[in-house]
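Residue strings, one per chain:
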Amino acid sequence: MHFKRSDFPDGFLFGAATAAYQIEGHQFGGAGPTHWDTFAATPGNVLRAENGALACDHYHRFAEDLDLLRDAGMDAYRFSTSWARVMPDGRTVNPAGLDFYDRLVDAMLERGLKPFQTLYHWELPSALADQGGWTNRDTCVAFADFTDVITDRIGDRVHAIATINEPWCVAYLSHFLGHHAPGLRDIRATARAMHHINLAHGMAMTRLRARGMQNCGVVLNFDHTAPLDDSAGAAQAVATWDAIMNRWFIEAIAKGTYPAEALAGFAAHMPAGWQDDMAEISQPVDFLGVNYYTRHQVTTDMAQPWPHLASHDGPGAKTQMGWEIYPDGLQSFLTRLADDYVGDLPLFVTENGIAWDDHVVNGAVDDPERIRFIADHIAATGRAIAAGANVQGFFYWSLLDNYEWAFGYEKRFGMVHVDFDTLKRTPKASYHAFKSAIAR
Ligand code: FCB
């Protein structure tokens, strides 16, 4: 890999990320049903109708997985704590769930890994989905209560806490495009979820501050948005898409406002009195997590209702997901976020990675595409730092091949290969290359 630890400021953290439902094995330990279980059980939503019941069986194999992080010389580990494991119906505590995260955090500390916790990475308890999930404001209060419960147990040992992972996916991808649970395609549900997920972040921040917690923030995803051509329609589409995808959440959190280009479509469907929530949503955070994968090209399609958009993959080389590889987009977001929204606030690249059709051959996995991808995106991160962005860490998505949501187990993002028949872990060439690059 064409970088080394010494290219980065002292204290810069290198790590890897995962999420609970994607690796743990949701059937174990008394976790409750979630909207991902039912979404996956409904024909047409998920490849082969696969779900997270077993996943990587991290619930039982976490010691081995944390050994892999330690042995690679990683500084930090980004993981999520499953609401439905801790509170199976979203409200009642499951002591075995708290015990699991207690053991997990201790096991990180024993290995010298800084725990970066995420409170919500998508598996909403079914009992709350029954009551409207993120379209219902009460879900925000229940989430704040969950925040108290898990923080009272492990908050003394985690290094950093992010409230929500990728609110755009929670709201728009799941309620407008229908690609993720709960699989709705409804503008009114979307507008409500777009606001309530921000309110859930704000309410959780209030509870975390009441407990004196430091290093609290949020993880947002950004998609580099370019015009398909030099037409006025394409320029208009960029403004609309950028507002929905890239500006809605950071503007609410950093400035307490929503962009006009997005409100143009959502205003009529917003929950009454939403303006009164903006102060709680925009309270100060201690860091911003940035997830970045790809670029899209957009143009206007007036045959479609608002947002009148057609989206195309960019022209460059693609990953196994079909996502264009475009490292400059990462540099440009880190710089833009610092310049336009958060100034000197610490930024972390909390996810960046590549899926590839990896295979074990003679006990090894050769993945030069991933080695190049990581090196190019870490170089882009370095350029953003040189341009003044206060980036303090980089987490590769993901440590392990895992449950890639609607794509089931087919898409392999891991630095470590997982054989889903035997659950055997095999570090890929990229794992070894990353280890050498970050060695002290
Ligand atoms: C992000 C998600 C993560 C994973 C990667 C590929 O949107 O946060 O869980 O699915 O994409």
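Residues numbered from 1 in each chain as written. Predicted model: local features only at pLDDT ≥ 70, side-chain atom pairs only at ≥ 80, totals over all residues. Heavy atoms only, no water.

(A) Broad picture of the overall build of the protein chain. Across its full length, the protein chain carries 15 helices and eleven strands. Against the 2.2 N^0.38 benchmark of 22 Å for 440 residues, the protein chain shows a C-alpha radius of gyration of 20 Å, consistent with a compact globule. The principal-axis extents of the C-alpha atoms in the protein chain amount to approximately 55 × 50 × 45 Å. A separation of at least 24 residues holds for 77% of the contacts in the protein chain among residues at least 6 apart in sequence. (Helix = DSSP H or I, 4+ residues; strand = E, 2+ residues; numbered from the N terminus. Rg over C-alpha atoms; globule rule 2.2 N^0.38 Å. Contact = heavy atoms within 4.5 Å.)

(B) Geometry of the site of the ligand. Lining the immediate environment of the ligand, one finds Gln22, His121, Trp122, Asn165, Glu166, Tyr293, Glu351, Trp397, Glu404, Trp405 and Phe413. Gln22 has a polar side-chain atom sitting 2.7 Å from an oxygen atom of the ligand. At a separation of 2.9 Å, an oxygen atom of the ligand approaches a polar side-chain atom of Glu351. Its free accessible area being 290 Å², the ligand has 95% of it covered by the protein chains. (Near = heavy atom within 4 Å. Polar contact = N/O pair within 3.5 Å; in protein donor to acceptor, adjacent residues only side chain to side chain. Areas by Shrake-Rupley, 256 points an atom, 1.4 Å probe, with all protein chains shown as cover.)

(C) Inspection of the packing of helix α7 (residues 138–154) against helix α9 (residues 187–210) at higher detail. Packing of α7 against α9 brings their axes to within 8 Å, and their N-to-C directions diverge by 35 degrees. Once α7 is placed against α9, the crossing between them reads as right-handed. Only His196, Leu199, Ala200, Met203, Ala204, Arg207 and Leu208 of α9 make contact with α7, whose side of the interface consists of Cys140, Val141, Phe143, Ala144, Asp145, Thr147, Asp148 and Thr151. Here the residues of the contact of α7 with α9 are counted per class, giving nine nonpolar, three polar and three charged. (Axes fitted to C-alpha atoms, helices over the stretch in contact; angles between N-to-C directions. Left-handed = near helix turned anticlockwise from the far one by under 90°. Nonpolar A, V, L, I, M, F, W, Y, C, P; charged D, E, K, R; others polar.)

(D) Representation of unusual backbone geometry in the model. Residue Pro182 is bonded to the preceding Ala181 through a cis peptide linkage, with omega at 10 degrees. Positionally, Pro182 belongs in the loop between α8 (167–175) and α9. Cis peptide bonds are those with omega within 30 degrees of zero, and the linkage from Trp306 to Pro307 qualifies with 15 degrees. Assignment of secondary structure puts Pro307 in the loop between β6 (287–300) and β7 (309–313). Even without being a glycine, Asp57 presents a positive backbone phi close to 50 degrees. Residue placement: Asp57 occurs in the loop between α2 (35–40) and α3 (58–71). Despite not being glycine, Asn215 shows a phi value in the positive range, around 60 degrees. Residue class for Asn215 comes out partly exposed when judged on its relative accessible area of 31%. (Buried < 20%, exposed > 50% of the residue type's maximum accessible area, 1.4 Å probe, protein only.)

(E) Summary view of the packing of helix α5 (residues 95–110) against α7. Contact geometry of α5 with α7 gives a least axis separation of 9 Å together with a crossing angle of 45 degrees. Taken as axis vectors, α5 and α7 run oblique relative to one another. At the point where α5 passes α7, the crossing takes the right-handed sense. In this structure, α5 contributes Leu98, Asp99, Tyr101, Asp102 and Val105 to the contact, and α7 contributes Val149, Ile150, Arg153 and Ile154. Class assignment for the residues of the contact of α5 with α7 results in six nonpolar, no polar and three charged. (Parallel < 35°, antiparallel > 145°, perpendicular 65-115°, else oblique.)

(F) Region of interest: the packing of aromatic side chains. Counting across every chain of the model gives 46 aromatic pairs. Between Phe3 and Phe8, the ring centres sit 6.4 Å apart and the planes meet at 85 degrees, which makes this aromatic pair edge-to-face. Taken as a pair, Phe3 and Phe8 share a single burial class, namely buried. In this structure an aromatic cluster arises from ring pairing among Trp168, Tyr172, Phe176, Trp241, Trp248, Tyr258, Phe266, Trp274 and Trp306. (Phe/Tyr/Trp six-rings, centres within 6.5 Å; stacked < 30°, edge-to-face > 60°.)

(G) Summary view of the pairing of strand β5 (residues 216–227). Where burial is concerned, most of β5 is hidden: eleven out of the twelve residues are buried. Where strand β4 (residues 160–165) lies against β5, three bridges are found, and the strand directions are parallel. Paired with Ala162 across the bridge in β5 is Gly217. Two strands pair when backbone bridges link them, and β5 and β6 are joined in this way by ten bridges, in the parallel orientation. When the bridges of β6 are listed, Val218 appears paired with Leu288. (Pairing = 2+ DSSP bridges.)

(H) Main features of the side chain of Glu50. Take Glu50: it is sitting in the loop between α2 and α3. A polar atom in the side chain of Glu50 sits 3.0 Å from the side chain of Arg48. A distance of 2.8 Å separates a polar side-chain atom of Glu50 from the backbone nitrogen of Tyr409. Excluding its chain neighbours within four sequence positions, the residues that come into contact with Glu50 are Ala40, Tyr403, Gly408 and Tyr409.

(I) Main features of helix α10 (residues 232–255). Along its 24 residues, α10 runs just 29 Å from first to last C-alpha, ending more than 12% under the 34 Å computed at 1.5 Å per residue. Of all the bends in α10, the greatest measures close to 60 degrees and is centred on Arg247. The buried count for α10 comes to 17 of 24 residues, which makes it a mostly enclosed element. At the C-terminal side of α10, Gly256 shows a positive phi close to 75 degrees. (Expected span 1.5 Å × (residues − 1). Bend = angle between axes of the 7 residues up to and from the residue.)

(J) Structural view of the side chain of Asp75. In this structure, Asp75 sits in the loop between α3 and β2 (76–80). You can call Asp75 buried: its relative accessible area is 9%. Polar side-chain contacts of Asp75 include one of 2.9 Å to the side chain of Arg440.

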